Amino acid sequence: MWCYIKSLKYCICVIIDIIQVILQAISHYVFSITEKNIRNEIVLITGSGRGLGQEMALLFAKRGAVVILCDIDETGNAQTAELISQEFPSTLHHEKRVFAYTCDIGNQDEVHKLVEKIQTDVGDITMLVNNAAILSSKSIVDMSEEEFSRCLNVNLFAAYWLIRQILPSMMRHNHGHIITMLGSTAVFGLGNFSDICTAKFGLVGLMESIDHELTLGGYDGIYTTAVVSHYLMTHLYQLAKTRFTPVLPPLTLDYAAKKIMHGILINRKFVCVPRLYYLIPFVKGLLPSRAFLILLNTLINPKISVYVRQESYDQCKRRSSISPPPCAHQLNGTHHHHIHRQRTHASACD
């Protein structure tokens, strides 16, 4: 009898704790708390050569952080460093506030050497922004194993390598913040994006597992933030459109970066831009899988070549005017022409 009473008491305590946390979360969401001070924090940003990574680097520098830029594009990385140096010159003590490193984060040895060099040159990294990403936009049967592996290395394993090497120093001081950019491919699987969806779904599990480990270990000074955003107004998505583009247009880099930065500075674990994306997991779990696919196809409209660049279309037209089009398929005695959705690897945050 006493055993049952103890179990009931334990269950009641658990329910009370859950209700308390829910109320705190609602209060935290509705009444945004004051943004934390990140001055002199050492922030490593991958994929900082252009796009969202560059915007985030500028915002971190504006708030007084020491910014570490990491990109495989040395020229773009140097341009970002120059922008920061021009807009936010050195302090009175002439301290260097921005450092640029060229690194292929899809290579484990380069990642290991990068972190060691940063720790020697600058100090322990206190904030990590996993932003760099690539994708191939091919059907799973057309994608080579090398392309699939490369996408996983850059999008998934690079985050794991960086976190595994940086997290111990954060744990020693019980201070740090890990941020990972996920994108919409982390909340639903999208056809012809099996590589990036696999990587981003893996990142969701990685971030949740790390957050759970930190909670169990009592590290209340280390935060995690996962970011899901609508597609951005960048070179990669220059032709992206949906049936509801007038209602939900592509986000500008400035708008997205500021919303993401606010979520980071109030230590929010999950940030969606726009907030409509918070509903996707709920709708996905509520509807039958077939119904969700119908809704997804209605919103995205797979008949529109969403991710095909203009130059790909022009090249296809030129080839068709010279020789029989390589993108024609024989079906029931007729030729059906379509634009290839294949592209070479490109930064998903450019």
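About the cut-offs
- Residues numbered from 1 in each chain as written.
- Predicted model: local features only at pLDDT ≥ 70, side-chain atom pairs only at ≥ 80, totals over all residues.
- Heavy atoms only, no water.
- Helix = DSSP H or I, 4+ residues; strand = E, 2+ residues; numbered from the N terminus.
- Salt bridge = Lys/Arg side-chain N within 4 Å of Asp/Glu carboxyl O.
- Buried < 20%, exposed > 50% of the residue type's maximum accessible area, 1.4 Å probe, protein only.
- Core = buried A, V, L, I, M, F, W, Y, C linked by side-chain atoms within 4.5 Å.
- Contact = heavy atoms within 4.5 Å.
- Pairing = 2+ DSSP bridges.
- 1 Å grid on protein atoms, 1.4 Å probe; cavity = no way out; pocket = protein on both sides within 12 Å on 5 of 7 lines; lining within 4 Å.
- Points joined across faces, edges and corners; volume = space filled by probe spheres on them.
- Nonpolar A, V, L, I, M, F, W, Y, C, P; charged D, E, K, R; others polar.
- Axes fitted to C-alpha atoms, helices over the stretch in contact; angles between N-to-C directions.
- Parallel < 35°, antiparallel > 145°, perpendicular 65-115°, else oblique.
- Left-handed = near helix turned anticlockwise from the far one by under 90°.
- Expected span 1.5 Å × (residues − 1).
- Bend = angle between axes of the 7 residues up to and from the residue.
- pLDDT = per-residue confidence, 0-100.
- Patch = residues over 30% accessible without salt bridge, like charges linked within 9 Å, V, L, I, M, F, W, Y side chains within 5 Å.
- Areas by Shrake-Rupley, 256 points an atom, 1.4 Å probe, with all protein chains shown as cover.
- Right-handed = clockwise from strand over helix to strand, strands pointing away.

1. Considerations on unusual backbone geometry
Next, step 1: The linkage connecting V273 with the following residue, P274, adopts the cis geometry, with an omega of 0°.
Next, step 2: Mapped onto the elements, P274 comes out in the loop between β8 (270–273) and α8 (280–286).
Next, step 3: Phi angles above zero are rare outside glycine, and N40 is one such case at about 70°.
Next, step 4: In this structure, N267 is a non-glycine residue whose phi angle is positive, near 60°.

2. A few points about the pattern of salt bridges
As a working rule, side chains carrying opposite charge can pair if their charged atoms are close by.
Next, step 1: Enumeration according to the criterion identifies five salt bridges in this entry.
Next, step 2: Close ionic contact of E147 with K138 constitutes a salt bridge, the shortest N to O distance being 2.7 Å.
Next, step 3: Its relative accessible area of 12% is what places K138 among the buried residues.

3. Focus on the nonpolar core
A general feature of soluble globular proteins is that nonpolar side chains tend to end up buried together.
Next, step 1: Counting 53 residues, the largest nonpolar core has L44, I68, I105 and I166 as the members making the most contacts within it.
Next, step 2: The element contributing the most residues to this core is helix α5 (residues 145–173), with 12 residues.
Next, step 3: In contact with I68, not counting residues within four places along its chain, are I42, V43, L44, I45, F99, Y101, I118 and V122.
Next, step 4: By size, the runner-up hydrophobic cluster in this structure holds 32 residues, among which are A61, V67, A81 and V273.

4. With respect to the pairing of strand β1 (residues 42–46)
Next, step 1: Here β1 lies mainly inside the structure; five of its five residues are buried.
Next, step 2: Side chains of β1 alternate between two faces, with I42, L44 and T46 and V43 and I45 buried alike.
Next, step 3: Taken together, the five bridges between β1 and strand β2 (residues 66–71) define a ladder with parallel strand orientation. When the sheet's bridge partners are listed, V43 is paired in β2 with V67.

5. Some details on empty space enclosed by the protein
Using a probe with the size of a water molecule, rolled over the atoms, empty space left in the structure can be pinpointed.
Next, step 1: Evaluation of the coordinates by the stated rule reveals one cavity of 30 Å³ or more.
Next, step 2: Space inside the largest cavity adds up to approximately 70 Å³.
Next, step 3: Only α5, β6 (176–181) and α6 (194–216) provide two or more residues apiece to the lining of the largest cavity.
Next, step 4: Looking at which element gives the most residues to the lining of the largest cavity, the answer is α5, with five residues.
Next, step 5: Here the lining of the largest cavity is built from residues that sort into eight nonpolar, five polar and one charged.

6. Quick look at the sheet that holds β1
Neighbouring strands of a sheet are bound in pairs by backbone hydrogen bonds; such pairs are parallel or else antiparallel.
Next, step 1: With parallel pairing, seven strands are arranged side by side in an open sheet as β3-β2-β1-β4-β6-β7-β8. Where the open sheet ends on each side, the last strands, each with one partner, are β3 (98–102) and β8. Mean inter-strand twist for the sheet, computed between neighbouring axes without regard to direction, equals 15°.
Next, step 2: The sheet strands contacting helix α2 (residues 51–62) are β1, β2, β4 (127–130) and β6, and the helix crosses β1 at an angle near 170°.

7. Let's talk about the packing of α5 against α6
Next, step 1: Contact geometry for α5 and α6: axes closest at 7 Å, N-to-C directions at 15°. By the angle between their axes, α5 is roughly parallel relative to α6. Classified by chirality, the crossing of α6 by α5 is right-handed. Between α5 and α6, the contacting residues are F148, C151, L152, N155, L156, A159, Y160, I163 and L167 on the first element and S194, D195, I196, T198, A199, K200, G202, L203, L206, I210 and L214 on the second.
Next, step 2: Within the contact of α5 with α6, the residues separate by chemical class into 14 nonpolar, four polar and two charged.

8. Comments concerning α5
Next, step 1: Taking 1.5 Å as the rise per residue, α5 with 29 residues should run 42 Å; its terminal C-alpha atoms sit 41 Å apart, in good agreement.
Next, step 2: Of all bends in α5, the biggest is about 45°, found at F157.

9. Notes on the environment of N153
Next, step 1: Position of N153 relative to the elements: it lies in helix α5.
Next, step 2: Excluding residues within four positions of it along the chain, N153 makes contact with I105, G106, A158 and W161.

10. Quick look at the confidence of the model for the protein chain
Next, step 1: Mean pLDDT for the protein chain: 80, with 76% of residues reaching 70 or above.
Next, step 2: Counting interchain partners and residues more than four positions distant, the pLDDT-below-50 stretch residues 301–350 has 93 contacts.

11. Some points on a nonpolar patch on the surface
Next, step 1: Taken together, the side chains of Y10, V14, I15, I18, I19, I22, L23 and I26 present a nonpolar region at the surface, about 770 Å² in accessible area.
Next, step 2: Tracing the chain through its elements places V14 in helix α1 (residues 2–30).
Next, step 3: With relative accessibility at 31%, the residue V14 sits in the partly exposed group.

12. Considerations on the pairing of strand β7 (residues 222–229)
Next, step 1: Counting buried positions along β7 gives seven out of eight residues, so the element sits mostly inside the fold.
Next, step 2: As paired strands, β6 and β7 are joined by six bridges and run parallel to one another. In the sheet register, M181 faces β7, and the bridge partner there is V227.
Next, step 3: In this view, the connection linking β6 to its parallel neighbour β7 by way of α6 has right-handed handedness.
Next, step 4: The sheet contact formed by β7 and β8 spans four bridges and is parallel. For A226, the partnering residue across the bridge sits in β8 and is F270.

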